[in-house]
Number of protein chains: 6
Amino acid sequence: MIREAVADLPNVEVDHFRGLLADFVRTRGAGVIVKGLRVVSDFESEMSTALMNRSLSGVDTVFLPSDPRWSFVSSTLVKEVYNLGGDVAEFVPEAVLRVMRAKRSTPRPAER
Amino acid sequence: MIREAVADLPNVEVDHFRGLLADFVRTRGAGVIVKGLRVVSDFESEMSTALMNRSLSGVDTVFLPSDPRWSFVSSTLVKEVYNLGGDVAEFVPEAVLRVMRAKRSTPRPAER
Amino acid sequence: MIREAVADLPNVEVDHFRGLLADFVRTRGAGVIVKGLRVVSDFESEMSTALMNRSLSGVDTVFLPSDPRWSFVSSTLVKEVYNLGGDVAEFVPEAVLRVMRAKRSTPRPAER
Amino acid sequence: MIREAVADLPNVEVDHFRGLLADFVRTRGAGVIVKGLRVVSDFESEMSTALMNRSLSGVDTVFLPSDPRWSFVSSTLVKEVYNLGGDVAEFVPEAVLRVMRAKRSTPRPAER
Amino acid sequence: MIREAVADLPNVEVDHFRGLLADFVRTRGAGVIVKGLRVVSDFESEMSTALMNRSLSGVDTVFLPSDPRWSFVSSTLVKEVYNLGGDVAEFVPEAVLRVMRAKRSTPRPAER
Amino acid sequence: MIREAVADLPNVEVDHFRGLLADFVRTRGAGVIVKGLRVVSDFESEMSTALMNRSLSGVDTVFLPSDPRWSFVSSTLVKEVYNLGGDVAEFVPEAVLRVMRAKRSTPRPAER
């Protein structure tokens, strides 16, 4: 899903891992973690996580400010709007939207 | 419960809905959503919700500062105090308190 | 300058006053003060001012979230960029820009 | 566990209670609640709790700033790192670490 | 002025000093600095000052939450309202108000 | 002064400029602006500046979290402590301290 969304970005690689991000980063030989920052309330928990990761693995985190036009779009809010029947096409990549729609049309086991 | 609490306010109407607030507001022909703001930590999530609602339905949200005497009273904190046996009569309307007390005297199914 | 910028908004009236906003509002018979909110750091001082105004004159303040695309544009930052020679045409109304340019071409007395 | 961690502090007493902290404090005849403050996001909820406790029992809360070297260490983050296999020896007292390790070596009922 | 405002509090002593608060506190043999906290924006600068004082002199600072009814009253805002002709009697002690009024009736040298 | 403080860092170059940072960055062909972030109150103004710089010159800013041990040390606070006679040797580089001391021993023209 993410792979599809970034398919046109040749310098992006998608991978998954179990365990600590700090360990994964070291395993891959990455020099730095990059995170986006939207709003003040993001900042403190991201800062704590960054300092924890530096303490655990010596890997630094750098932050990039997100585009202010989308500063109000969090994954939590998008999921909430979608679950209440709202149109979120403007806020998620095409590939993600397709998966979300597929999930909605299949009744969840608990609902049968 | 809310109806009772606002019974003496002739220009208030209580209604309930399913789905998105943004859709409900449009259905009712309302021009604006009014929210109270207590503290800084309210502000960012309310701001995101307001911008999302404007994006979804074109309806604006206006914020009213709450009375500072009650700035520390959130529904989460009141419920926590009440569940631990504290007296919350000062913080909730009479009608709400009556419902809370009725609930407490009935054992919950899981507790039997 | 402001008058020119809002000339095409028939329901806006521009006025100026000395003294307290709270007194001015009462004098004009206005029922409410409307302010825009950009960011968290705006919020606390605007909240204090709103509560002070309510305490002084009984007039409420309502807040409108500003468009997130412009959330980073404060008058302080625009003036700073302009004074350092930056192009601020994107951030200020035409009429304001004209006044700013007129001011810059006239040397200030202290600089002669 | 906590008793062991503070065993070398003669003026500290460890106790447990059910119900409201405000009630417990009054029962013990304590004059004041002392809390540590790490970061801004701690501040608002601790402030609300403090004001609620003052309202419920008349007991004041005083705040002590925590050591900035550990400002990024919350119990939530430590548990998350530990559950993902990270080394948290630097962040928790010896006695707590021993209990955490004992818990991990015993498979949880649900996992058998 | 402050002396007069606290005249009825037998356990309060008013003093003045030059230089660092940290040095003054040590000179007086005080064990702790007590500060009030109103709002989030107070918190960070007070926290920095507290940590600086601990670093300079080993003296801790404890914070007391201020009464939420007055959380919007800062000395800056009161002075601003007063200078614009507003009534601040509700927000300052009698003795301070008298001094403020005396100052206003004497024209400042620059205004003559 | 800064040159001396970073003399042992071979990959650091010190330069000065007039005008906008955004223009300077473009002139030097730099790809990115790097800033440190200490506390929440830094965050919002730095975020606004970063977004303004991106808007003016297309240059991105990345943020690095500062070491939490020094999170309470701002240049404003250090200057204030120093001017009140405090010892700031722990908080500033050797070279800066020498300049600060030289300035203090020379009476300022206005003070003669």
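Residues numbered from 1 in each chain as written. Chains lettered and ligands numbered in written order. Predicted model: local features only at pLDDT ≥ 70, side-chain atom pairs only at ≥ 80, totals over all residues. Heavy atoms only, no water.

### With respect to the side chain of Asn53(F)
All names here are of chain F. Tracing the chain through its elements places Asn53 in helix α3 (residues 40-57). Judged by its relative accessible area of 7%, Asn53 falls in the buried class. Setting aside its immediate chain neighbours within four residues, Asn53 contacts Leu21, Ala22, Ile33, Gly58 and Val59. (Helix = DSSP H or I, 4+ residues; strand = E, 2+ residues; numbered from the N terminus. Buried < 20%, exposed > 50% of the residue type's maximum accessible area, 1.4 Å probe, protein only. Contact = heavy atoms within 4.5 Å.)

### Some remarks on the interface of chain A and chain F
Across the contact, 19 residues belong to chain A and 19 residues belong to chain F. Carbon and sulfur atoms supply 77% of the area that chain A and chain F bury against each other, a total of about 1500 Å² over both sides. A per-residue breakdown of the area chain A buries against chain F is headed by Val40(A), Phe43(A) and Pro65(A), which together make up 35% of the total. Counting every contact that joins chain A to chain F gives zero salt bridges. (Buried area = accessible area lost by both parts, 1.4 Å probe. Salt bridge = Lys/Arg side-chain N within 4 Å of Asp/Glu carboxyl O.)

### With respect to the pairing of strand β2 (residues 60-65) of chain F
All names here are of chain F. Of the strand pairs in this sheet, strand β1 (residues 32-37) and β2 are connected by six bridges, and their pairing is parallel. Opposite Gly36, over in β2, you have Leu64 as the bridge partner. For the handedness criterion, the β-α-β arrangement of β1, α3 and β2 is classed as right-handed. (Pairing = 2+ DSSP bridges. Right-handed = clockwise from strand over helix to strand, strands pointing away.)

### Examining the pattern of salt bridges
It is possible for side chains of opposite charge to pair when their charged atoms get near one another. Under the definition given, this model contains 48 salt bridges over all chains. The shortest N-O distance in the salt bridge between Glu13(B) and Arg28(B) comes to 2.7 Å. Here Arg28(B) lies in the loop between α2 (21-27) and β1 (32-37) and Glu13(B) lies in the loop between α1 (2-5) and α2, a separation of 15 residues in the sequence. Assessed through its relative accessible area of 42%, Arg28(B) is described here as partly exposed. With its nearest N and O atoms 2.2 Å apart, the salt bridge here joins Asp15(D) to Arg28(D). With Asp15(D) in the loop between α1 (2-5) and α2 (21-27) and Arg28(D) in the loop between α2 and β1 (32-37), this pair connects stretches of sequence that are 13 residues apart. Counted as one network, the salt bridges with shared partners bring together Glu13(A), Asp15(A) and Arg28(A).

### Topic: the nonpolar core
Val88(B), Val88(C), Val88(D) and Val88(E) are the most contacted members of the largest nonpolar core, which totals 136 residues. Discounting residues that sit within four places of it in the chain, Val88(B) has contacts with Val78(B), Val81(B), Tyr82(B), Leu97(B) and Met100(B). (Core = buried A, V, L, I, M, F, W, Y, C linked by side-chain atoms within 4.5 Å.)

### Some points on the relation of the copies chain A and chain F
In screw terms, the move from chain A to chain F is a rotation of 180° and a rise of 0.0 Å along the axis, fitting with an RMSD of 0.0 Å. Here the copies are linked by what is in effect a two-fold axis. For chain A, the residue whose C-alpha comes nearest the rotation axis is Phe63(A), separated from it by 2.4 Å. With an isologous cut-off of 70% or more, the 100% of interface residues of chain A that recur at the interface of chain F puts this contact in the isologous class. (Least-squares fit on C-alpha atoms with pLDDT ≥ 70 in both.)

### Remarks on helix α4 (residues 75-83) of chain C
Taken together, the buried positions of α4(C) are occupied by Leu77(C), Val78(C), Val81(C) and Tyr82(C). Buried residues along α4(C) cover an arc of 130° about the axis, so they all sit on one side. For α4(C), the exposed residues set more than 90 degrees away from the buried face come down to Thr76(C) and Asn83(C). Buried residues in α4(C) make contact with α5 (94-105) of chain C together with α3 of chain F. Looking one or two residues past α4(C), Gly85(C) carries a phi angle of roughly 95°, positive in sign. (Arc of directions from axis to C-beta.)

### Description of the relation of the copies chain A and chain B
Two chain copies, one operation linking them: a rotation about an axis together with a shift along it. If you rotate chain A by 120° and push it 0.0 Å along the axis, it lands on chain B with an RMSD of 0.0 Å. Classification of the inter-copy transformation places it as that of a three-fold axis. Residues of chain A ranked by C-alpha distance from the rotation axis are headed by Ser41(A), positioned 4.4 Å from it.

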